[in-house]
Amino acid sequence: MAVHRVEVAVQGPWSLATSRAFWEGFTPSALPERTGEALEATFLVEGEWRRASVSVTQHGATAVLSLSGAGDLDRAAAQVCRFLSLDVDGRAWPDVGLRDPVIALAQSSLPGLRPCGFYSPYEAAAWSVLAQRIRMSQAAALKASLLRDGVFIPPAELRGAALDLPGRKAEYLRAVAEAALDGVLDGPRLRALKPAAAVLEVQQVKGLGPFAAELVVLRGANAPDAVPHNEARLSDEVAERYGRPLAEVSEAWRPYRTWASVHLRVLRERRLAGVPAGAQAEAVPG
């Protein structure tokens, strides 16, 4: 199968190594750990729901995407740029650190990190359903049971699958599949909306409450500038470090409020794990 090569000029700080380490520690959608410098992933291309594989390497400020698959590989490349945050102009991201010393600490500890994690809003929504009211390790096991050759089950197949899952998870997953097939969970469409409007739309999908809808928009569509209002651990970390409300503190983070929130969550996990504040860990949790 021919390989489609795309070169992307990344604007602003970016480290493939830091981003890959972050994603490898992101339990909801972790990359398998691999040797070598490339980030490699196989995923479903939104809309077509066919498999595509990508190998991403970094050459200075350029990301080189080598893609293969049977579908539209230009569409797949755009999706890669979205889930790696390569499509965001990050040239003003260092200015946030100049305004906020806590974020400056996070930036120095996680040089070049761009938030990533879910291949699509569809997969983020499915994870949100699977993770409801159970431990993360249990949710990860349920998700593993829905993989097909290492890739999450396509929505048309999920909609018709006989699912043996606790509670109303099967019902909610079918609703997620329907929403994906109807375009409600389309990544480019959600990114084009204001984040608050996108969250409200996602909440119309049965089984997706405010926390889940924020996850779908902020980490599924990877909207770069929104504040998660239903994430208690982030609010706790802001209270610990700033002694002020999240809504007030986050004003200094514009237009990268999602990025700053993710960085703070990483600082929290490392603080609770006893990792020194300025240390650069080989892998960072998501």
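Our subject is the structure listed above.
Below you will find a few notes about this structure. The model shown is predicted, which means the values in this text are computed figures rather than measured ones.

### Digging into the pattern of salt bridges
If you walk through the whole model with that rule in mind, you get 20 salt bridges. Put simply, E171 and K206 hold a salt bridge, and the shortest N to O gap is 3.1 Å. Of this pair, E171 sits in helix α8 (residues 169-181) while K206 is found in the loop between α10 (195-202) and α11 (210-220), placing the two residues 35 residues apart along the sequence. The partly exposed category is assigned to E171, whose relative accessible area is 30%. Take K206: its relative accessible area is 45%, and that puts it in the partly exposed class.

### Description of helix α14 (residues 257-272)
With 16 residues, α14 ought to run about 22 Å at 1.5 Å a step, and its terminal C-alpha atoms sit 23 Å apart, in line with that. Directly after α14, the chain includes G274, whose backbone phi takes a positive value near 80°.

### Let's talk about the pairing of strand β4 (residues 62-69)
In terms of strand pairing, strand β1 (residues 4-9) meets β4 through 6 bridges, oriented antiparallel. Following the sheet pairing, E7 is matched in β4 by V64. For strand β3 (residues 51-59) and β4, the ladder comprises 8 bridges, and the chain directions are antiparallel. For S53, the partnering residue across the bridge sits in β4 and is S68.

### Some remarks on the packing of aromatic side chains
Scanning all chains against the criterion turns up 10 aromatic pairs. On the numbers, 5.4 Å between centres and 65° between planes, the contact of W23 with F83 is edge-to-face. Of this pair, W23 sits in helix α1 (residues 16-24) while F83 sits in helix α2 (residues 73-83), and the two are 60 residues apart along the sequence. You can call W23 buried: its relative accessible area is 0%. Overall, F83 belongs to the buried group, its relative accessible area being 1%.

Thresholds applied
- Residues numbered from 1 in each chain as written.
- Predicted model: local features only at pLDDT ≥ 70, side-chain atom pairs only at ≥ 80, totals over all residues.
- Heavy atoms only, no water.
- Salt bridge = Lys/Arg side-chain N within 4 Å of Asp/Glu carboxyl O.
- Helix = DSSP H or I, 4+ residues; strand = E, 2+ residues; numbered from the N terminus.
- Buried < 20%, exposed > 50% of the residue type's maximum accessible area, 1.4 Å probe, protein only.
- Expected span 1.5 Å × (residues − 1).
- Pairing = 2+ DSSP bridges.
- Phe/Tyr/Trp six-rings, centres within 6.5 Å; stacked < 30°, edge-to-face > 60°.

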